[in-house]
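Inside the fold
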Amino acid sequence: PQFEQSSLQAVHQQRREMLSNVCSRYTRKRRLLQPDDLRHLVVDDTHGLLYCYVPKVACTNWKRVMMVLTGQGKYQDPLEIPAHEAHVPSNLRTLSEYSVPEINYRLRSYLKFVFVREPFERLVSAYRNKFTLSYNTAFHKRYGTKIIRRHRQQPSDRALERGDDVRFEEFVYYLLDPRTQQEEPFNEHWERVHSLCHPCIIHYDVVGKYETLAEDANYILQLVGADTSVKFPASSKTTRTTDGMTAQFFQDISPFYQRRLFNLYKMDYLLFNYSIPSYLRIR
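Residues numbered from 1 in each chain as written. Predicted model: local features only at pLDDT ≥ 70, side-chain atom pairs only at ≥ 80, totals over all residues. Heavy atoms only, no water.

Here we take up the domain arrangement of the protein. In terms of domain boundaries, the protein breaks down into domain 1 (1-118 + 193-224) and domain 2 (120-189 + 241-268). Inter-centroid distance (C-alpha atoms) of domain 1 to domain 2 is 27 Å. If you look at the interface, domain 1 gives 14 residues, while domain 2 gives 11 residues. In total, about 1200 Å² of surface goes out of reach between domain 1 and domain 2, with carbon and sulfur atoms giving 54% of it. Remark: the boundary between domain 1 and domain 2 carries 1 salt bridge. Note that Glu121 is salt-bridged to Arg117, the shortest N-O span being 3.3 Å. For the pair domain 1 and domain 2, the interface holds 9 residue pairs in polar contact (both at pLDDT 80 or more). Put simply, the parts of the chain that give the side of domain 1 that touches domain 2 at least two residues each are α1 (2-26) and α10 (193-197). Per element, the largest residue contribution to the side of domain 1 that touches domain 2 is 3 residues, and it comes from α10. Of the residues that constitute the side of domain 1 that touches domain 2, the class distribution is 9 nonpolar, 2 polar and 3 charged. (Domains from an automatic or database assignment. Contact = heavy atoms within 4.5 Å. Buried area = accessible area lost by both parts, 1.4 Å probe. Salt bridge = Lys/Arg side-chain N within 4 Å of Asp/Glu carboxyl O. Polar contact = N/O pair within 3.5 Å; in protein donor to acceptor, adjacent residues only side chain to side chain. Helix = DSSP H or I, 4+ residues; strand = E, 2+ residues; numbered from the N terminus. Nonpolar A, V, L, I, M, F, W, Y, C, P; charged D, E, K, R; others polar.)

And the structure:
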């Protein structure tokens, strides 16, 4: 695997360079990080690891792995940890909980990594998960009812009350409505990666990709000298949102809204070197 390791090193070097070039082209003023900016950075003090989690990019499995790494032997197999437990805030520490000197020390000396995904595929995955599954009633109530109230003509009373049948098109209107972000930040499931993880301020050592999840995950575990028994769970491909599926969701979105939505997520496309999807009609 020596050769494999060096070719992976080259890939990750390229990704870092790409990121740094785009950052220097598009960000003029470096702002200071606030504690609030660090809530997505999970800390593993045992292995000197910082992981910025991005919802809909294998983050449940990464949190499970982080629980195994930080659990002092309490957990052996990531898959034995129930998904909901991986998201309990008290099970993992985030960088925002540390003092300023401790934060600076960790940012300087720990291995920092993030996982990213094709932005519209991640967006459709979030929509499918939060708005089309019947058990996500909290999302239907919190976001669905508001989206329907604002973006559906003559909604039924049932839809206004339950918010469980939001159409993708309505979700897009909600994202592009200037009031949405004036009222509150985007929910983390559709917030842009650059807003969650600040890759132009925090210099990530590894930018993993959903498309090369298994290789990148193993590479990181090797880099930090994790016990060889710790394996990143193989992904279940059954319900995964694919490029073809994403294209179908965009069929009914007019070119005007496609372009505006692309502009909203454009920095993620540029920073992580994803090309404009071929199904978009915005050329």
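Moving on, we come to helix α2 (residues 59-70). An α-helix turns once every 3.6 residues. As a result, residues three or four positions apart point the same way. Compared with the 16 Å implied by 1.5 Å per residue over 12 residues, the 16 Å span of α2 between its first and last C-alpha is a close match. The element α2 is extensively covered by neighbouring structure, given that 11 of its 12 residues are classed as buried. Listed in full, the buried residues belonging to α2 are Cys59, Asn61, Trp62, Lys63, Arg64, Val65, Met66, Met67, Val68, Leu69 and Thr70. Of the surrounding elements, those touching the buried residues of α2 are β1 (41-44), β2 (49-52), α3 (83-86), β4 (111-116) and α11 (213-223). (Expected span 1.5 Å × (residues − 1). Buried < 20%, exposed > 50% of the residue type's maximum accessible area, 1.4 Å probe, protein only.)

So, about the pattern of salt bridges. All told, the structure shown has 19 salt bridges when counted by the stated rule. A salt bridge links Arg152 to Glu170; the shortest N-O distance between them is 2.7 Å. Taken together, the residues Arg152 in the loop between α6 (137-151) and α7 (157-162) and Glu170 in helix α8 (residues 168-176) connect sequence positions 18 residues apart. Of the residues examined, Arg152 reaches a relative accessible area of 13% and is grouped as buried. By relative accessible area, Glu170 is classed as buried at 2%. The structure contains a network of salt bridges with shared partners spanning Arg142, Lys146, Arg150, Glu183 and Glu184.

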